[in-house]
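# Close look at the chain arrangement
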Amino acid sequence: MKVGIVGCGAIGSEVARAASTMDGVSELVLYDIDPDATHHLRGLPRVRIAKDAATLTDVVDLVIECANKGVVQTTIKAALKKGKKTMLLTVGALADDNLREELLGLARANGGKIYVPSGAVMGVDGVKAAAESDLKSVTLVTTKPPAGLQKDTDRWTLLFSGPARDAVKQFPKNVNVAATLSLAGLGFDQTHVQVAIDPLATRNSHKVIIEGNFGRARIEVENLPSPTNPATSYLASLSAIALLRRIISPIEIGA
């Protein structure tokens, strides 16, 4: 499979390094609006640099977006029109109902595909499985140290409590997890999100609580930052890498 990555920041670079070693990846095509962003990746096996995003889209089978909503609105849309597979890391973009339905429509009409990694949280497969029956509630509690939310406080503070749709709007750089859980389960209006700041916290934590006919589950993860970018959870990169491996693998594990 020929794989393209648009956006070669911390996550895009980590995905590129891993993809360049995968047996199922015959070629890796990279593009970033900043030419310097791809400089340190040019020596990877099977890598070439595209002159623009349109060229990348034309020559690959799978387009991985590691950039921003603008790339979702342009490059991913163009890829789906061509029937390509796509992977989105800016999952919060799909909280825009009109954009989400347009992308899904393009995928259906042209034989394309949209993949969403689980990101910086665990338990998404459980939410998907529970949603096949009567899933009653999904709650996400995100707690971060002050630096993680660019806040200065000496006490635990609840910054937000409400539906995922509003959380994505208020914390667009911090709650891709909320968007992923919404897509997997009850949607953006019925998924409840709390965002808190804790001056004693040293790691970002996400707690997912789900209830339904299956029973009740509680999953909690404390994330370490990416080795190359303290603002990014390492698990977010790893989940994209794992999803890519799943796409090219002859066996799929998990819901």
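That block above? That's the structure.
Let us look at the structure shown here.

Parameters and conventions
- Once a new chain begins, its residue numbering starts again from 1 and follows that chain's sequence as written.
- Owing to the predicted nature of the model, reporting of local features is limited to residues with pLDDT of at least 70; listing and counting of side-chain atom pairs is limited to 80 or more, with chain, interface and lining totals taken over all residues.
- In computing side-chain properties, one takes all heavy atoms of the structure into account and sets aside hydrogens as well as water.
- What makes two strands pair is DSSP finding at least two bridges between them.
- Numbered from the N terminus, helices here are DSSP runs of H or I no shorter than four residues, and strands are runs of E no shorter than two.
- The crossover handedness rule: strands pointing away from the viewer, path from first strand over the helix to second strand clockwise, crossover right-handed.
- Cavity: a set of points on a 1 Å grid over the protein atoms alone where a 1.4 Å probe fits but cannot get out. Pocket: an open set with protein on both sides within 12 Å along at least five of seven lines, its lining residues, like those of a cavity, having an atom within 4 Å of a point.
- Grid points are joined across faces, edges and corners, and a volume is the space filled by probe spheres set on the points.
- Throughout, an axis means a line fitted to C-alpha atoms (over the contacting stretch in the case of helices), and angles, computed between N-to-C directions, take values from 0 to 180 degrees.
- Each nonpolar core is a collection of buried residues, namely Ala, Val, Leu, Ile, Met, Phe, Trp, Tyr and Cys, held together in the definition by side-chain atoms within 4.5 Å.
- Residue burial is assigned from relative accessible area. The probe radius is 1.4 Å, only protein chains are included, and a residue is buried under 20% of its type maximum, exposed over 50%, and partly exposed in between.
- The contact criterion used throughout is that any non-hydrogen atoms of two residues lie within 4.5 Å.
- Stacked, edge-to-face and tilted labels apply to pairs of Phe, Tyr and Trp rings (six-membered ring for Trp) whose centres lie within 6.5 Å, assigned for plane angles under 30 degrees, over 60, and everything in between, in that order.

So, about the pairing of strand 5 (residues 85-88). When strand 4 (residues 62-65) meets strand 5, the two strands line up parallel, connected through 4 bridges. Looking across to strand 5, one finds that Ile-64 is bridged to Met-87. Note on the crossover from strand 4 through helix 3 (residues 69-81) to strand 5: the handedness is right-handed. Here 3 bridges tie strand 5 to strand 6 (residues 113-115), and the two strands are oriented parallel to one another. Residue pairing in the sheet places Lys-85 in a bridge with Lys-113 of strand 6.

On to the layout of surface pockets, then. Of the pockets and cavities examined, the second largest pocket occupies roughly 960 Å³. Forming the boundary of the second largest pocket are 31 residues, of which Val-116, Lys-128, Leu-243, Arg-246 and Ala-255 lie nearest the centre. Breaking the lining of the second largest pocket down by element, the ones donating at least two residues are helix 4 (97-110), strand 6, helix 5 (124-130), helix 7 (176-184) and helix 8 (234-248). The leading source of residues in the lining of the second largest pocket is helix 8, at 6 residues.

So, on to the sheet that holds strand 11 (residues 215-223). With mixed pairing, the 5 strands of this open sheet are ordered in space as 8-9-7-10-11. Each edge of the open sheet carries a strand with a single partner, namely strand 8 (157-163) and strand 11. Averaged over all adjacent pairs, the angle separating strand axes in this sheet is 10°, with direction ignored. For strand 7 (residues 135-144) and strand 10 (residues 204-212), the ladder comprises 8 bridges, and the chain directions are antiparallel. The residue of strand 10 that forms the bridge with Thr-143 is Ser-205.

Turning our eyes to something else, we now look at the sheet that holds strand 2 (residues 27-31). Taken together, 6 strands build an open sheet; the order of strands is 3-2-1-4-5-6 and the sheet is parallel. Sheet topology places strand 3 (47-49) and strand 6 at the edges, where each strand pairs with a single neighbour. Pairs of neighbouring strands in the sheet enclose a mean axial angle of 20°, with direction left out of account.

In terms of nonpolar packing, the biggest core is built from 28 residues, with Val-127, Leu-140, Leu-181, Val-193 and Val-195 touching the most fellow members. If sequence neighbours within four positions are ignored, Val-195 has contacts with Thr-142, Leu-149, Thr-157, Leu-158, Leu-159, Phe-160, Phe-171 and Val-175. Counting residues in hydrophobic clusters, the runner-up holds 27 residues, among them Val-3, Val-15, Leu-41 and Val-47.

We now examine helix 7. An α-helical turn contains 3.6 residues, so any two residues separated by three or four positions project in the same direction. In terms of burial, helix 7 is a largely internal element, 7 of the 9 residues being buried. The complete set of buried residues in helix 7 reads Val-177, Ala-178, Ala-179, Thr-180, Leu-181, Ser-182 and Ala-184. Against helix 5, strand 7, helix 6 (164-170), strand 9 (191-197) and strand 10 lie the buried residues of helix 7.

So, on to the packing of aromatic side chains. To describe a pair of aromatic rings, you give the distance between the ring centres and the angle between the ring planes. Tallied over the full model, the rule gives 1 aromatic pair. Measuring from centroid to centroid gives 6.1 Å for Phe-160 and Phe-171, while their planes differ by 75°, and the two rings are edge-to-face. Pair noted here: Phe-160 is in strand 8 and Phe-171 is in the loop between helix 6 and helix 7, with a separation of 11 residues, a long-range link. In this pair, the class of Phe-160 matches that of Phe-171, namely buried.

Relative to the elements of secondary structure, Asp-189 occurs in the loop between helix 7 and strand 9. Overall, the relative accessible area of 53% leaves Asp-189 in the exposed class. Separated by 23 residues in sequence, Asp-189 and Asp-166 have C-alpha atoms that sit 8.4 Å apart. Beyond its immediate sequence surroundings of up to four residues, Asp-189 is in contact with Pro-163 and Arg-165.

What follows concerns the side chain of Lys-77. Mapped onto the fold, Lys-77 is located in helix 3. Taking the relative accessible area as the measure of exposure, Lys-77 reaches 18% and is therefore buried. Ignoring anything within four residues of it in the chain, the contact list for Lys-77 reads Val-72, Leu-99, Glu-102, Leu-103 and Leu-106.

For strand 9, a buried count of 5 out of 7 residues is recorded, marking the element as mostly surrounded by other parts of the structure. Pairing of strand 7 with strand 9 involves 7 bridges; the strand directions are parallel. From the neighbouring strand, Thr-142 faces strand 9, where its bridge partner is Val-195. Here strand 8 runs beside strand 9; their pairing, made up of 6 bridges, is antiparallel. Bridge assignment links Pro-163 to a residue of strand 9, and that residue is His-192.

Shape is all these values report; function is a separate question.
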